[in-house]
Amino acid sequence: MERIRERVIQIYGNLVSLLQKCIFCILSVGPIPNHIAFIMDGNRRFTKKCKLMEGAGHKIGFSALMSMLKYCYEFGVRYVTVYAFSIENFKRSPEEVQSLMDLMLEKIEEILKEQSIVNRYGVRVIFSGNLKLLSEPVRLAAERAMLATAKNSMAVLSICVAYTSTNEIMHAVQESCEEKWDEITLLNSSGAGYGLISLGGYEQDEMDHLIKLTDIEKHMYMAAAPDPDIIIRTSGETRLSNFLLWQSANCYLYLPSVLWPEIGFRQFLWAILNFQQIHFYLDKQRKQS
Amino acid sequence: MLSLRFAIPTANTLTPPKTKPKPGLVVQTAWNQTDLFPSLPKRYDYKLQAATTDLSVEGDIPAEEVVELPAELRRELMPKHVAVIMDGNGRWARQRGLATSAGHEAGVKALRELIELCCQWGIQVLTVFAFSYENWIRPRVEVDFLMSLFERALKSEVESFSRGGIRISVIGDSTKLPTSLQKLINEVEETTKHNSRLQLIVAVSYSGKYDVVQACRSIAEKAKDGQIQLDDINESLIEQELETNCTEHPYPDLLIRTSGELRVSNFLLWQLAYTELFFAQELWPDFRKDEFVDALSSYQQRQRRYGGRH
């Protein structure tokens, strides 16, 4: 009896998988988003709603993340970014922060295993953010994961930890200024600058030419990925919470009211359909900006 | 090619439709001087006079009166800074078979009403996205019309703004604007700079990314002059250099975007870090008091945590 039940579940699973593959085939007639970003909001509310133990919501949220990644990579989305931990989240209670760090450590070890999703789909993992703010073991694990997956080239997963967009922009501004400063100093020391710094520096126009939009963009933590096509934030909150502010200038915002652990194929499908509907208009906007 | 087709003038008046208008509805506009901005009566039901070439104001913003808030709103939860992306003028005009210019004129009226409501309800800063840096690629005729609309609106409103205690600031790359408009902007900013009831920030030729780039350049300039060290660069330094440094509350609490589009479109990127977003389905000229009340009451029900746990 037990075996028959298992077999039925297996057949049902295969059918669902086949159906999903068919739907992806049909959808891929239209434009496929290159980059999807997720704000995984609602884990704690899910824990409260289902009356679970502390931290269970985050664990279920992690398996929801794995299914969403599977849908993305099966469908052909090359870049996926997830907002795992904001710099502002350090303000939470030390117990919660510690349990999140432990969860992250555990999951980083998991994704490095043979059968994990990362190896199955050839995913390069990048940790974006101010990694110096993380504790030593987490930072080392993150660097190990980045090194281990550096050769993968089919897809990219950016995990934003210790990240806020304002911090990212500030860091990029700092790096750009330092880079230009070094350039000027180099010019001067080699004599080619004609002592421009000591004479009072460049004219305003020339200064304008020194720092450009592209200079700032190349120093962003997220420089390895193109701008997102869709940002999905669950739990019905309609705000960006300091995530990808710079990169979301012309991006479609999909804000379903389900909590993150409840997200499924239906929401993914809906996001893609809506994206395809407005894709042509957004593409034109982007080319003109 | 877009042509500025002004309808034949008759003495007709428009009632703003609450629901979507039926297709094929053609509306005549009146071109004689009319009472353009009547002060709002108690009951929300008023006649909208159509655009004229003279946008002079006969109804004033009431100065310093204590107005009762609608029942759903609470004064202590009002946002300090509201930002608005005024999207949908073109579509509104097309739905009524009018020229795009009529849509923009109707948009100005809706804005006027919003400014009055903000004054009455204690909102301190209102930022509006009038013209994006990306909008320069629109047809020349439309761009020229918009520039002349800004000039006319500014000229006609400066008096009533002064009386109503409204301070105007303009942000964006003003070098691309016509010189007459640039001069007018400087004058208006100077005239109204001591007003304190409401600060109206108009973003013209503005791009959020450009704002950050120019902040970066001025920081680099300061570093070059030795005023700051590169190590001193932090988030509040950048915040001080952004164009929104003209106000005490540079971060909007609420962003409203009309016409149902679900994106930010390069407006105030840095400043929107923790802003509550509200996407309204109505087109901008149809965004009136009721819709604004909906947006505010949605805002007042939200729990803002800024990354922490409440």
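- If you look chain B up in an unreviewed UniProt entry, it shows as Alkyl transferase from Gossypium darwinii.
- For the record of chain B, the UniProt heading Pathway (unreviewed entry) holds the text "Protein modification; protein glycosylation."

- In the annotation of an unreviewed UniProt entry, the entry for chain A reads Alkyl transferase, and the organism field reads Gossypium darwinii.
- One UniProt comment on chain A, placed under Sequence similarities (unreviewed entry), says "Belongs to the UPP synthase family."

### Some details on the environment of E113 of chain B
Residue and element names in this part refer to chain B.
Here comes step 1: Relative to the helices and strands, E113 resides in helix α2 (residues 100-121).
Here comes step 2: Note on E113: relative accessible area 7%, which makes it buried.
Here comes step 3: Considered as a pair, E113 and K289 are 176 residues apart in the sequence and their alpha carbons are 7.8 Å apart.

### Side note on a nonpolar patch on the surface
Here comes step 1: On the surface, a cluster of nonpolar side chains totalling about 380 Å² of accessible area is made up of M1, I4 and V8 of chain A.
Here comes step 2: Structurally, the position occupied by M1 of chain A is in the segment before α1 (2-27).

### Section: the nonpolar core
Here comes step 1: Formed by 53 residues in total, the largest nonpolar core has its most connected members in I36, F38, V80, F127 and F268 of chain A.
Here comes step 2: In terms of residue count, helix α3 (residues 56-75) of chain A provides more of this core than any other element does, nine residues in total.
Here comes step 3: Those residues in contact with F268 of chain A, other than ones at most four positions away along the chain, are F24, I36, M68, Y71, C72 and F75 of chain A.
Here comes step 4: By size, the runner-up hydrophobic cluster in this structure holds 51 residues, among which are L114, F145, F161 and L296 of chain B.

### Some points on the pairing of strand β5 (residues 230-233) of chain A
All names here are of chain A.
Here comes step 1: Along β5, one buried face is formed by I230 and I232 and the opposite face, lined by I231 and R233, is buried too.
Here comes step 2: When strand β1 (residues 35-39) meets β5, the two strands line up parallel, connected through four bridges. Following the sheet pairing, F38 is matched in β5 by I232.
Here comes step 3: Where β5 lies against strand β6 (residues 252-254), three bridges are found, and the strand directions are parallel. Across the sheet, residue I232 finds its bridge partner in β6, namely Y254.

### Things to note about the packing of aromatic side chains
Each aromatic ring pair is specified by the distance between its two centres and by the angle formed by the two planes.
Residues and elements named next belong to chain A.
Here comes step 1: For the structure shown, the criterion picks out 21 aromatic pairs over all chains.
Here comes step 2: Ring geometry for Y73 against Y121: centres 5.9 Å apart, planes inclined by 35°, an arrangement best described as tilted. Of this pair, Y73 sits in helix α3 while Y121 sits in the loop between α5 (117-120) and β3 (123-128), and the two are 48 residues apart along the sequence.
Here comes step 3: What makes Y73 buried here is its relative accessible area of 10%.

Cut-off values and rules
Residues numbered from 1 in each chain as written. Chains lettered and ligands numbered in written order. Predicted model: local features only at pLDDT ≥ 70, side-chain atom pairs only at ≥ 80, totals over all residues. Heavy atoms only, no water. UniProt positions renumbered as here; feature names shortened; annotations may be inferred. Helix = DSSP H or I, 4+ residues; strand = E, 2+ residues; numbered from the N terminus. Buried < 20%, exposed > 50% of the residue type's maximum accessible area, 1.4 Å probe, protein only. Patch = residues over 30% accessible without salt bridge, like charges linked within 9 Å, V, L, I, M, F, W, Y side chains within 5 Å. Areas by Shrake-Rupley, 256 points an atom, 1.4 Å probe, with all protein chains shown as cover. Salt bridge = Lys/Arg side-chain N within 4 Å of Asp/Glu carboxyl O. Core = buried A, V, L, I, M, F, W, Y, C linked by side-chain atoms within 4.5 Å. Contact = heavy atoms within 4.5 Å. Pairing = 2+ DSSP bridges. Phe/Tyr/Trp six-rings, centres within 6.5 Å; stacked < 30°, edge-to-face > 60°.

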